[in-house]
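Structure at a glance
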Amino acid sequence: MLTDTHAHLASRQFANDLPEIIERARAAGVKRIICIGTTLEDSKRVLEIADMYPEVEATVGIHPCDADTVKGDGFVEELKDLARHPKVVGIGEIGLDYYHQPPEGFTLDSWKEQQAFVLERQLELAAGLKLNVVLHNRESFEDLVAQVLPWSDRLRGVFHCFTGGSEQALPLIERGHLVSFTGIVTFKNGQVIQECARAVPSGGFMLETDCPYLAPMPFRGKRNEPAYVANTAEFVASLRGVRLEDLVSETGATAAAFFRKPA
Ligand SMILES: [Zn+2]
Ligand SMILES: [Zn+2]
């Protein structure tokens, strides 16, 4: 089942034509879209969108770049309430991001601490709810892995928008986690990721758009949308030397097992 496992449908960039975007996804054969939350507000909007379209499911969470939008740990109860929604299939996106400058009021150290705190509370929440997590990393891979691996017995994580090599991906997959490839894998300068996408075992990876960002070739630089996950699927199938329909059914099954409804 062709699945876009990471779409930001609540993005302002989709505010004017979401019905058309869903229509184009359907026409491209996309059967399931996981819509990802980034703040409490965004997560609420994500749930409204999930209510509107049968193929859209949701994750709720606080993105590391938005870790300054919460104070203390009151946000955990709010997220827990949102996670009761029947279309919630995971917690995310959560993680660490050392690429962007700290927001006002934070030093580099206090910002990293705040991100780690918000991440840890959400890992606890996910484990308690028996939900898996969508993980964001930017220039923070080692710290993220160190913080997530101790949870490996209680939850699985997908290292989304994976841009590392197979030597980074395989140990994570061995511990039950996943990686997920965006349109970056189709870029001419994407050799490291392409090597990784060839080497990872079936069942160890998923596909995503991360729309509205990171459109695959031939749409690079344009606004991305769920329909374009078909282009990434085609590219990865040919990289791996498998039939498109087999890749689609394998990655769809991987996503179905990962984004399961809580018991
Ligand atoms: Zn991300
Ligand atoms: Zn994202």
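Remember, predicted model here, so these are calculated numbers, not experimental data. (Residues numbered from 1 in each chain as written. Chains lettered and ligands numbered in written order. Predicted model: local features only at pLDDT ≥ 70, side-chain atom pairs only at ≥ 80, totals over all residues. Heavy atoms only, no water.)

Let's talk about the overall build of the protein
Tallying secondary structure elements over the protein gives nine helices and eight strands in all. Overall, the protein is about 50 × 40 × 40 Å in size when its C-alpha atoms are taken along their principal axes. Across the 263 residues in the protein, those meeting the buried criterion constitute 56%. Sequence-distant contacts, at least 24 apart, represent 72% of the contacts inside the protein between residues at least 6 apart. Carbon and sulfur atoms make up 51% of the accessible area of the protein, which totals about 11,500 Å². (Helix = DSSP H or I, 4+ residues; strand = E, 2+ residues; numbered from the N terminus. Buried < 20%, exposed > 50% of the residue type's maximum accessible area, 1.4 Å probe, protein only. Contact = heavy atoms within 4.5 Å. Areas by Shrake-Rupley, 256 points an atom, 1.4 Å probe, with all protein chains shown as cover.)

Some thoughts on the coordination of the zinc ion (ligand 1)
Coordination of the zinc ion (ligand 1) by the protein comes from Glu93 (OE), His136 (ND1) and His160 (NE2), over a distance range of 2.1 Å. Mapped onto the sequence, the residues coordinating the zinc ion (ligand 1) show the spacing E-x42-H-x23-H. The metal-metal distance between the zinc ion (ligand 1) and the zinc ion (ligand 2) is 3.4 Å, with Glu93 coordinating both. Of this pair, Glu93 sits in strand E4 (residues 88-97) while His160 sits in the loop between strand E6 (157-159) and helix H6 (166-174), and the two are 67 residues apart along the sequence. The exposure class of Glu93 is buried, given its relative accessible area of 2%. (Donors = N, O, S within 2.8 Å, 3.2 Å for Na, K, Ca; no water.)

Topic: helix H8 (residues 229-240)
With twelve residues, H8 extends 16 Å between its outermost C-alpha atoms, agreeing within 8% with the 16 Å of an ideal straight helix rising 1.5 Å per residue. Among all positions in H8, only Val229, Ala230, Thr232, Ala233, Val236, Ala237 and Leu239 are buried. Looking at the buried positions of H8, the neighbouring elements they touch are strand E1 (3-7), strand E7 (178-181), helix H7 (191-199), strand E8 (205-207) and helix H9 (244-258). Residue Gly241 follows H8 closely and has a positive phi angle near 65 degrees. (Expected span 1.5 Å × (residues − 1).)

As for the sheet that holds E4
With respect to topology, eight strands assemble into an open sheet ordered E1-E2-E3-E4-E5-E6-E7-E8, the strand pairing being parallel. The sheet is open, and its two borders are formed by E1 and E8, each paired with just one other strand. Strand after strand, the sheet turns through a mean of 30 degrees between neighbouring axes, direction not considered. Here three bridges tie E1 to strand E2 (residues 32-36), and the two strands are oriented parallel to one another. Within E2, the residue paired with Asp4 across the bridge is Ile33. Each of E1, E2, strand E5 (133-138), E6, E7 and E8 touches H9; the most contacted strand, E8, lies at about 105 degrees to it. (Pairing = 2+ DSSP bridges. Axes fitted to C-alpha atoms, helices over the stretch in contact; angles between N-to-C directions.)

Considerations on the coordination of the zinc ion (ligand 2)
Donor atoms from the polypeptide that bind the zinc ion (ligand 2) are His6 (NE2), His8 (NE2), Glu93 (OE) and Asp210 (OD), placed at 2.0 to 2.8 Å. Written as a sequence motif, the donor residues of the zinc ion (ligand 2) are H-x1-H-x84-E-x116-D.

Some details on the packing of H7 against H8
Closest axis-to-axis distance for the H7/H8 pair is 9 Å, and the angle between their directions is 70 degrees. Relative to H8, the element H7 is oriented roughly perpendicular. Our pair here, H7 against H8, has a crossing hand that is right-handed. Residues Gln194, Ala197 and Arg198 of H7 pack against Phe235, Leu239 and Arg240 of H8. For the contact of H7 with H8, the per-class residue count stands at three nonpolar, one polar and two charged. (Parallel < 35°, antiparallel > 145°, perpendicular 65-115°, else oblique. Left-handed = near helix turned anticlockwise from the far one by under 90°. Nonpolar A, V, L, I, M, F, W, Y, C, P; charged D, E, K, R; others polar.)

Concerning the nonpolar core
Soluble globular proteins: nonpolar side chains tend toward being buried together. In terms of nonpolar packing, the biggest core is built from 75 residues, with Leu9, Val56, Ile91, Phe159, Phe162, Val179 and Phe181 touching the most fellow members. It is helix H4 (residues 108-129) that provides the largest number of residues to this core, a total of seven residues. Setting aside residues up to four positions removed in sequence, Phe181 forms contacts with Phe162, Ile193, Cys196, Ala197, Val200, Phe205, Met206, Leu207, Glu208 and Thr232. Residues Ile36, Val158, Phe258 and Phe259 belong to the second largest nonpolar core, which totals ten residues. (Core = buried A, V, L, I, M, F, W, Y, C linked by side-chain atoms within 4.5 Å.)

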